[in-house]
Amino acid sequence: MAEEPEDPSKSFVIFGRDVAQIPCFRNSFLYGISGGIGIGLLTFLGTSRTHLSTHVGFGSFFCGTIVYWMSCRYQWSARRFEQQQLREAMRRQALYEGTNVEQELDLKSA
């Protein structure tokens, strides 16, 4: 029987989307999980109440993941917008290079 070689690039798929391709997904969950575990453990050490510490740990996991996700996606969107603007400016520069329009733009910017 021939065994199929395992594909090392297998990834986790949720709702038909590869989560490895979603920007900020990995870091958001890693920070959320570590923050939830840390705050849950500190709550347990401080109060010795397991029910409360699990609720606090899960709540901090959820809030930490959402907050980091939103800030990361905002920064990612801002960088992507700037890259699109730069790409368009470079395309226009290549289009206008050596024409009268380029000279007029140089005079206006000076």
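Residues numbered from 1 in each chain as written. Predicted model: local features only at pLDDT ≥ 70, side-chain atom pairs only at ≥ 80, totals over all residues. Heavy atoms only, no water.

Note the threshold: UniProt positions are given in the numbering used here, feature names are shortened, and annotations may be inferred rather than shown by experiment.
Named according to an unreviewed UniProt entry, the protein is Cytochrome c oxidase assembly protein COX20, mitochondrial originating from Drosophila pseudoobscura pseudoobscura. Turning to the protein, the UniProt annotation filed under Sequence similarities (unreviewed entry) states: "Belongs to the COX20 family." Looking at the protein in UniProt, the text filed under Subcellular location (unreviewed entry) is "Mitochondrion inner membrane".

### Brief notes about the UniProt feature "transmembrane region" (unreviewed entry) in the protein
Inclusion rule: Helix and strand labels come from DSSP, where a helix needs a run of H or I of at least four residues and a strand needs a run of E of at least two; each type is numbered from the N terminus.
Following the UniProt record, the feature "transmembrane region" (unreviewed entry) maps to residues 29-46 and 52-70 here. In the segment residues 29-46, helix accounts for 100% and strand for 0%; the C-alpha atoms at its two ends are 25 Å apart. For the annotated span residues 52-70, helix accounts for 100% and strand for 0% of the residues, and the straight-line distance between the end C-alpha atoms is 27 Å.

### So, unusual backbone geometry
Put simply, the test is: Here's how the labels work: a residue is buried when its accessible area is under 20% of the maximum for its type, exposed when over 50%, partly exposed in between, all with a 1.4 Å probe on protein chains only.
Positive phi, normally seen in glycine, also occurs at Cys24, with a value near 75°. Along the chain, Cys24 turns up in the loop between β2 (17-18) and α1 (25-47). Not every positive phi belongs to a glycine, and Ser48 is a case in point at roughly 60°. By the element assignment, Ser48 lies in the loop between α1 and α2 (50-96). Overall, the relative accessible area of 55% leaves Ser48 in the exposed class.

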